[in-house]
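Fold and contact review
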Amino acid sequence: MMIQLVTTAQSVEQAEALIKAGTDRLFIGNSRFGLRQKGDWTIDAVREVTQLAHRYGKEVTVAVNNLMHNDHIQELPDYLQMLKAIGVDDVTAGDPGAIRLIRQAKIPYWYDAQTLVTSAKQIQFWGKREAIGAVVAREVTLEELVLIQQQIGLPVEVQVYGPTCIHHSKRPLMTNYFNELGRPSEEAKQREFYMSEPADAASRYPIYEDENGTHIFSEDLTLMGQLPTLVKNGLHTWKLDGWHAGEQFVEIVQLFTVARANLLNGQFDRIEMEHRLRELQPEAFRLGTGLLLRKPEEIK
């Protein structure tokens, strides 16, 4: 049984530390063609991290999952040729036009159309068009994920740690807000901001603006306690997002590596693993299970 840990990386230095912590596949990209990417992933940096990963026998996935406009599509072939020459292992994409160009470039791809990926039939459609796996919408419940995985012969990625995007607008909402306050709009992109629910002052939802617009994230997701269920049902591709975990992210990945090993040798202790994760979790962000443990009818 192969359980694959997929992790984001914000630098070449962090990427090496993550590999040593147990990462099997690094997920990187730039903000031009990928969504919500941290780190200055220039072509040179992508080349360096790909060479590094391959020396360790690991893989690199590059995000090409942006909402594509005409100018993106015009520039994409050149970008794909550079990725092909570097030797990245695969990309993620959801735009049909981008996928057409990716297939022409003969680069393997994961189907990743954000909130649109909600059924087995949809994944099967793209599987017939050379997709090697799928990133399912984060709003899909664990119950539905199990059913999807049972119906397809491709791996389905499950996010087991980190924040998820709960709102994306192409509009520069933070810039507009600062303009309304009469403050320099440059402040909107200098750091991450947060919002809370009116009835829950302790809640903290990160807000981030870049060239692709404004993104609002959930609090941090964890499926540490549900890992046995994932393994039992063939969900073996685990994604960890270190968007704001900072230096603790390497230790968090290492903890999931230990959890994976314990599951495979029958020594997994859910209470202990959840306790250790809480100790590593940045204080500002609560851990939860998001929508994954709800009934499908509650989401609909």
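A brief look at the structure comes next. Small disclaimer: the values here were computed from a predicted structure and weren't measured. (Residues numbered from 1 in each chain as written. Predicted model: local features only at pLDDT ≥ 70, side-chain atom pairs only at ≥ 80, totals over all residues. Heavy atoms only, no water.)

Remarks on helix 5 (residues 120–127)
Side chains that are three or four residues apart share a direction in an α-helix, a result of its 3.6 residues per turn. The following threshold applies: Throughout, exposure labels follow a simple rule: accessible area from a 1.4 Å probe, protein chains only, divided by the maximum for the residue type, with under 20% read as buried, over 50% as exposed, and the rest as partly exposed. Numbered from the N terminus, helices here are DSSP runs of H or I no shorter than four residues, and strands are runs of E no shorter than two. By arc we mean the arc of the directions from the helix axis to the C-beta atoms, nothing more. Residues are treated as being in contact if the distance between any of their heavy atoms lies within 4.5 Å.
Residues of helix 5 that are buried: Ala-120, Gln-122, Ile-123 and Trp-126. The arc that holds every buried residue of helix 5, seen down its axis, measures 160 degrees, which confines them to one face. Lining the buried residues of helix 5 we find helix 4 (96–104), strand 5 (109–111), strand 6 (131–135), helix 6 (142–151) and strand 7 (156–162).

With respect to the sheet that holds strand 9 (residues 193–197)
So the rule is basically this: DSSP calls a pair of strands paired once it identifies at least 2 bridges connecting them. For helices, the axis comes from a line fit to the C-alpha atoms of the stretch in contact; other axes are also lines fit to C-alpha atoms, and the angle between any two N-to-C directions lies between 0 and 180 degrees.
Taken in spatial order, the four strands of this open sheet run 8-11-10-9, and their pairing is antiparallel. A strand with exactly one partner marks an edge of an open sheet, and here the two such strands are strand 8 (165–169) and strand 9. Along the sheet, successive strands turn relative to each other by an average axial angle of 25 degrees, direction set aside. Across four bridges, strand 9 lies against strand 10 (residues 200–210) in antiparallel orientation. When the bridges of strand 10 are listed, Tyr-194 appears paired with Pro-206. The sheet strands contacting helix 7 (residues 173–181) are strand 8, strand 9, strand 10 and strand 11 (213–217), and the helix crosses strand 10 at an angle near 100 degrees.

Here we look at the environment of His-72
With respect to the helices and strands, His-72 occurs in helix 3 (residues 70–86). Along the primary structure His-72 and Arg-32 are separated by 40 residues, whereas in three dimensions their C-alpha atoms are 7.7 Å apart. If near-sequence neighbours (up to four positions away) are discounted, His-72 is found in contact with Arg-32, Phe-33, Asn-66 and Leu-67.

Points about the environment of Gly-225
Secondary-structure assignment places Gly-225 in the loop between strand 12 (220–222) and helix 8 (227–232). You can call Gly-225 buried: its relative accessible area is 13%. Taking the C-alpha atoms as reference points, Gly-225 and Val-160, 65 residues apart in sequence, are found 9.7 Å from one another.

Concerning the packing of aromatic side chains
As a reminder of what qualifies: Stacked, edge-to-face and tilted are the three classes for Phe, Tyr and Trp ring pairs, Trp counted by its six-membered ring, which pair at centre distances within 6.5 Å; planes under 30 degrees apart are stacked, over 60 edge-to-face, the rest tilted. Here, over-ring charges are defined by two tests on the NZ atom of lysine or the CZ atom of arginine: distance to the ring centre within 6 Å, and angle to the ring normal within 35 degrees.
Scanning the model with the defined rule gives 10 aromatic pairs in all. A ring pair is formed by Tyr-111 and Trp-126, whose centres lie 5.1 Å apart and whose planes are at 20 degrees; its orientation type is stacked. In this pair, Tyr-111 sits in strand 5 while Trp-126 sits in helix 5, placing the two residues 15 residues apart along the sequence. The exposure classification of Tyr-111 matches that of Trp-126, with both residues buried. The rings of Tyr-111, Phe-125 and Trp-126 are connected pair by pair, giving a single aromatic cluster. Its guanidinium or amino end placed over the ring of Phe-285, Arg-204 lies 5.3 Å from that ring's centre, counting from NZ or CZ. Above the face of the Phe-27 ring, Lys-239 is positioned so that its terminal group lies 4.2 Å from the ring centre.

Quick look at unusual backbone geometry
If you check the backbone angles, Arg-36 has positive phi at about 55 degrees while not being a glycine. Tracing the backbone shows Arg-36 in the loop between strand 2 (25–28) and helix 2 (43–55). Although it is not a glycine, Glu-130 adopts a positive phi angle of roughly 80 degrees. Here Glu-130 falls in the partly exposed class, since its relative accessible area comes to 48%.

As for the packing of helix 3 against helix 4
Formally: What sets the label is the angle itself: under 35 degrees gives roughly parallel, over 145 gives roughly antiparallel, 65 to 115 gives roughly perpendicular, and the rest give oblique. Two helices that cross are described as forming a left-handed crossing if the nearer one is turned anticlockwise from the farther one by less than a right angle, and a right-handed crossing if clockwise. Gly counts as polar in this scheme, as do all residues outside two lists: the nonpolar Ala, Val, Leu, Ile, Met, Phe, Trp, Tyr, Cys and Pro, and the charged Asp, Glu, Lys and Arg.
Where helix 3 meets helix 4, the closest approach of the two axes is 10 Å, and the angle between their N-to-C directions is 30 degrees. Accordingly, the angle class assigned to the pair helix 3 and helix 4 is roughly parallel. Of the two elements, helix 3 crosses helix 4, and the hand of that crossing is right-handed. When helix 3 is examined against helix 4, the residues Ile-73, Leu-76, Pro-77 and Leu-80 are found in contact with a partner set consisting of Gly-97, Ala-98, Leu-101 and Ile-102. In the contact of helix 3 with helix 4, the residues fall into seven nonpolar, one polar and no charged.

Purely spatial values, then, with no claim about function.
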